[in-house]
Each structure stands twice: as structure tokens, then as C-alpha cells.
Amino acid sequence: MALPDQIETRGTLVRDKDLAGLTWLRVGGPAEWFFMPADEDDLARFMADLDPDVPVFPMGVGSNLIVRDGGIRGVVIRLGRGFNGITVDGNRVTAGVAALDAHVARKAADAGVDLTFLRTIPGAIGGAVRMNAGCYGAYVADVFVEAQAITRTGERVTLTADDLNFQYRQSDLPEGWVITHAVFEAPKGDPAALAARMEAQLAKRDETQPTKDRTAGSTFRNPAGFSSTGRADDSHELKAWKVIEDAGMRGATRGGAQMNPMHANFLTNTGDATAADLEGLGEEVRKKVYEHSGIKLQWEIMRVGEPADK
């Protein structure tokens, strides 16, 4: 077993990689090691040779992520251009984890396959599977067939829905495993009608969400979203934005962080926020909501890494 710099790779391996520029919120410290494998074989060999005591964190496009100001210890693995392919066969769509959700939705729609719910979800397919992403009453779990992954010891495995145990905004992917691609099966539809539906979804999103601001999507899970079906959040009236607003926290600030005035469940970097500002404001919101309504909000944004040294 070896440390990262002792492993021969064909991809890119660097030390102290700045991660702030790779996240949508533009905050956070560096990765101790940052690896972008050339292909699946390169990734499998790296994982097999890596010392098991070195932590591994698979990172997507950083759309739903706060990296703390002290950075991430161990190896951050990000899959890039070799992992973004999209193919359609009948009503099955195979997508690499680096393929953007919006691109998958569009390519599927062009082929008459209805994955339109992915169109307005920020991020890439790896994160969508990991978090059972969904909107408009549809979830990844509803269309998921299987995924291929590399384990922490470099083995290639096929994961079923039962293996991942999808729940509301989460799955049971083992720590350090890296999904490489996923297969979805969805109903057929008329390409023109699917395209029109996606345009309507985009228009609705732009009317109600701060899409031009520096956010990471929804900050907290909807309080009703805890059923095993993963649909309670869309059918129940209890929404995170409403309990935040009722607690008087719409527009609340901490340093350069703000709960967006347009949508109270969007944590925003107004320009000079630190990760500590953002996470601290989020925790303040959780406290105020609990004091006001007795509801314990759960983070939807993933927070990883170490705080900055005092």
C-alpha cells in the first residue's frame, strides 16, 4: 500500500489543490491531494494501491457542497472528461457521473425518453445518484436501474437500488466508493413535448429561485421529506423556506453569507463569505427555526473538511 505520490497514474495528481474555485459557493480550503483519473482503469489501480488509512472523498461539480476553510485531508477524487458520456438505447439512458444533470435530461428528451425532472437540478449525475435528487414529484430512485462503482480497494462492482437503499435526499453508498456511471430507465415521450416541459420548468425556476446568485441550491431538506418513498416533500405543505421565513430568517446575514431574500432556503455567498460564515449562518437558522416551531431542519448541502486553524 502506498501514499498518493508513490502511485503511478495516467491522470492528474496534485498537492494542495484549491477547491474554492471548484464549488458553486466559491469557498473552502485546499485538498491535501487532488486526483483526476484518466479513465476507469486508472481509478481502479489508484484505489487498489492507495494506503487504506488515507481518506478518499469523491467530488462532483461542487454544486451542493461547502468545503470548510481548512480544506480536506486525504485524497479528493474528481471524475472529469472521460466520465461524462451519455448514451440512449430504447428507453434506457447510461450516463457517466461527470455528465451534468441538465445535459442528460436534454439528450434523453431528444431521444424521446422522459428524464425531464433532471433538467433543473444543479450538478452532475454522480451527485444526483448519491443524493437521490428529485423535483416535480420524480426522483432518481424512480428511474434508477444500476450503477457501476469502484470500491475503496479498487474492485469494480454493480450497485442496484436495493444496494443503495434510496431515501429522501440520501443513499447508502459506502464511504470512499466512487460511482463511475449509472443506468436509468424512463417512459418514452414525444421529444417536442418533453422539450416544452423543460422550458416551462426553467421559466418557473427562474421566477422563483435566485439562479443568478452564488448559491448551492436548497440548503435544508423539507421537514416533511422523511418517507421511504421520497415523495413526502413534494406533496406536503410544510416546506423549509416557509419555516425559515416564519422564524424571521429570510434575508438574515452573517459575514458575507445571506439567506437569500428571493428564496429563504437558498444560502448565498454575497461576495466575500467564508465557509465558516455560510455554515455558521445555516446553524443559526436551524436554531431559530427550532426555537420558533420545534422543527429540526436537516442540511441538504453537504459540509466536508476541516475548519480553519484558529
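Residues numbered from 1 in each chain as written. Predicted model: local features only at pLDDT ≥ 70, side-chain atom pairs only at ≥ 80, totals over all residues. Heavy atoms only, no water.

A.B. asks: I'd love a proper account of the packing of aromatic side chains, names of residues and values included.
C.D. replies: Throughout the structure, instances matching the rule amount to 4 aromatic pairs. Taken together, a centroid distance of 6.5 Å and an interplanar angle of 70° make the contact between F144 and F184 edge-to-face. Taken as a pair, F144 in strand β10 (residues 144-150) and F184 in strand β12 (residues 178-185) lie far apart in primary sequence, 40 residues in all. Centre to centre, the rings of F220 and W299 are 5.0 Å apart; their planes meet at 50°, and the pair counts as tilted. One end of the pair, F220, is in the loop between α6 (191-208) and α7 (232-235); the other, W299, is in the loop between α9 (275-293) and β16 (302-304), and 79 residues separate them in sequence. Comparing F220 with W299, the two get one shared label, buried. (Phe/Tyr/Trp six-rings, centres within 6.5 Å; stacked < 30°, edge-to-face > 60°. Helix = DSSP H or I, 4+ residues; strand = E, 2+ residues; numbered from the N terminus. Buried < 20%, exposed > 50% of the residue type's maximum accessible area, 1.4 Å probe, protein only.)

A.B. asks: I'd like to hear about the pattern of salt bridges, residue by residue, with values.
C.D. replies: In the structure shown here, the tally under the stated rule is 13 salt bridges. In this structure, R92 engages E185 in a salt bridge whose closest nitrogen and oxygen atoms are separated by 2.7 Å. Here R92 is found in strand β7 (residues 92-96), whereas its partner E185 is found in strand β12, with 93 residues between them in sequence. Take R92: its relative accessible area is 38%, and that puts it in the partly exposed class. Two residues, E283 and R286, come together in a salt bridge whose shortest N-O distance is 3.0 Å. Of the two residues, E283 and R286 are both situated in helix α9; the distance of 3 residues between them amounts to about one turn of the helix. Given the relative accessible area of 26%, R286 is considered partly exposed. (Salt bridge = Lys/Arg side-chain N within 4 Å of Asp/Glu carboxyl O.)

Geometric values such as these leave the question of function open.
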